[in-house]
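Residues per chain, in single letters:
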Amino acid sequence: MQQIEKNNKSMDSSSITLRFRSDVLDKLKHEAAQKRISLNTLASQVFSSHAEYDAYASTSGMVSIPKSLLITMMNKLEEKEVEKLSEHIVKNEMKDLTLLSRGEHNLTSFLQTIESWLRVSGFQYSYHTTDHDRNHRLVIQHEMGRRWSLYFEKLFRFAFTELSLPNDPEFEVTDNVIAFKVRE
């Protein structure tokens, strides 16, 4: 249910020819067929993901860890520890990742970084913007439990506070979903 609504600004495109090992190309063709998209679309998604997130993730401290391990570890933390952790991540990791990947740290670049991370992480999400009132609405279905909802809520609250937004964001939280609306 990934849905992204944005301005339909035309983007310039160019073409290149690439060579892949046959076994890699077969896997890519198979994945594209499963997703019911063209091989070109899949390749564009892979390269965009790399350019927007992957190339900067490890530099800013991101690693790949099994979801079940993360859930187990988070459930052992007290709520105050979860809050401290989310504040630490915002101050020491998220800003670095946003600056590295986008070249600036503002609401738009932060939300673009979050969206790139969501795509890579495989979480289901819905992101809508409205130009007329400059509202951003993001709904994330993480399926990782109450402590993770608390973590994400605190993380976004700290991030928005650090960005000195003129309006307070609105949050909705369940055990497996975090949603917010924020205005520029």
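Structural data are supplied above this passage.
Nothing here was measured: the structure is a model prediction, and the numbers come from that model.

Peer 1: Break down the environment of Arg119 for me, citing the residues and quoting the values.
Peer 2: Among the secondary structure elements, Arg119 is positioned in helix H5 (residues 107-121). The spacing of Arg119 and Gln45 is 74 residues in sequence and 9.9 Å in space, taken between C-alpha atoms.

Peer 1: Please give an account of the environment of Gly103 that cites residues and values.
Peer 2: On the secondary structure map, Gly103 appears in the loop between helix H4 (79-102) and H5. Distance in space between the C-alpha atoms of Gly103 and Glu83 is 27 Å, their sequence separation being 20 residues.

Peer 1: Would you mind going over H4 in detail, with residue names and values included?
Peer 2: The largest bend in H4 amounts to roughly 40° and is located at Val90. Where H4 is concerned, the buried positions are Val82, Ser86, Ile89, Val90, Met94, Leu97, Thr98 and Ser101. Just downstream of H4 lies Gly103, where phi reads positive at about 85°.

Peer 1: Describe unusual backbone geometry, naming the residues involved and giving the relevant values.
Peer 2: The bulk of non-glycine residues show a negative phi, and the bulk of peptide bonds are trans. We note that Glu143 has phi near 55°; this positive angle belongs to a residue other than glycine. Taking the relative accessible area as the measure of exposure, Glu143 reaches 43% and is therefore partly exposed. Here the phi dihedral of Ser164 falls at roughly 50°; this positive angle occurs in a residue that is not glycine. Among the structural elements, Ser164 can be located in the loop between helix H6 (146-162) and strand S4 (170-173).

Peer 1: Run through the packing of helix H3 (residues 67-75) against H6, naming residues and quoting values.
Peer 2: Put simply, H3 and H6 touch, their axes get as near as 9 Å, and they point 85° apart. It follows that H3 is roughly perpendicular to H6 by the angle criterion. Judged by residue contacts, Leu70, Ile71, Met74 and Asn75 of H3 engage Arg147, Trp148 and Tyr151 from H6. The class makeup of the residues in the contact of H3 with H6 is five nonpolar, one polar and one charged.

Peer 1: Let's hear about the packing of H4 against H6: which residues, and what values?
Peer 2: At a closest axis distance of 8 Å, the pairing of H4 and H6 adopts a crossing angle of 45°. For the element pair H4 / H6, the angle class is oblique. Considering only the axes of H4 and H6, their crossing is right-handed. Side by side, H4 and H6 meet where Glu79, Val82, Glu83, Leu85, Ser86, Glu87, Ile89, Val90, Lys91, Met94 and Lys95 of the first sit next to Arg147, Leu150, Tyr151, Lys154, Leu155, Phe158, Ala159 and Glu162 of the second. Looking at the contact of H4 with H6 residue by residue, the class counts come to 10 nonpolar, one polar and eight charged.

Peer 1: Please give an account of the pattern of salt bridges that cites residues and values.
Peer 2: Side chains carrying opposite charge are able to pair once their charged atoms draw close together. Per the stated rule, a full pass over the model turns up eight salt bridges. Notably, a salt bridge pairs Arg21 with Asp23, separated by 3.0 Å at the nearest N-O pair. We classify Arg21 as exposed; its relative accessible area is 57%. The class of Asp23 is partly exposed, set by a relative accessible area of 36%. Glu87 serves as the salt-bridge partner of Lys91, at 3.1 Å between the closest nitrogen and oxygen. Here the residue Lys91 and the residue Glu87 both occupy positions in helix H4, the gap between them amounting to four residues, near one helical turn. The exposure class assigned to Glu87 is partly exposed, which follows from its relative accessible area of 28%.

Peer 1: Could you give an account of the nonpolar core, naming the residues involved and the relevant values?
Peer 2: Among the nonpolar cores identified, the biggest contains 33 residues, and Phe110, Phe156 and Phe160 are the most heavily contacted of them. Contacts of Phe156, omitting those with residues within four sequence positions, involve Phe110, Ile114, Ile140, Phe171, Ile178 and Phe180.

Peer 1: Run through a nonpolar patch on the surface, naming residues and quoting values.
Peer 2: A surface patch of nonpolar side chains, amounting to about 500 Å² of accessible area, comprises Ile16, Leu18, Phe20, Val46 and Phe47. Checked against the element boundaries, Val46 lands in helix H2 (residues 39-57). On the accessibility criterion, Val46 (44% relative accessible area) is partly exposed.

Definitions and cut-offs
Residues numbered from 1 in each chain as written. Predicted model: local features only at pLDDT ≥ 70, side-chain atom pairs only at ≥ 80, totals over all residues. Heavy atoms only, no water. Helix = DSSP H or I, 4+ residues; strand = E, 2+ residues; numbered from the N terminus. Bend = angle between axes of the 7 residues up to and from the residue. Buried < 20%, exposed > 50% of the residue type's maximum accessible area, 1.4 Å probe, protein only. Axes fitted to C-alpha atoms, helices over the stretch in contact; angles between N-to-C directions. Parallel < 35°, antiparallel > 145°, perpendicular 65-115°, else oblique. Contact = heavy atoms within 4.5 Å. Nonpolar A, V, L, I, M, F, W, Y, C, P; charged D, E, K, R; others polar. Left-handed = near helix turned anticlockwise from the far one by under 90°. Salt bridge = Lys/Arg side-chain N within 4 Å of Asp/Glu carboxyl O. Core = buried A, V, L, I, M, F, W, Y, C linked by side-chain atoms within 4.5 Å. Patch = residues over 30% accessible without salt bridge, like charges linked within 9 Å, V, L, I, M, F, W, Y side chains within 5 Å. Areas by Shrake-Rupley, 256 points an atom, 1.4 Å probe, with all protein chains shown as cover.

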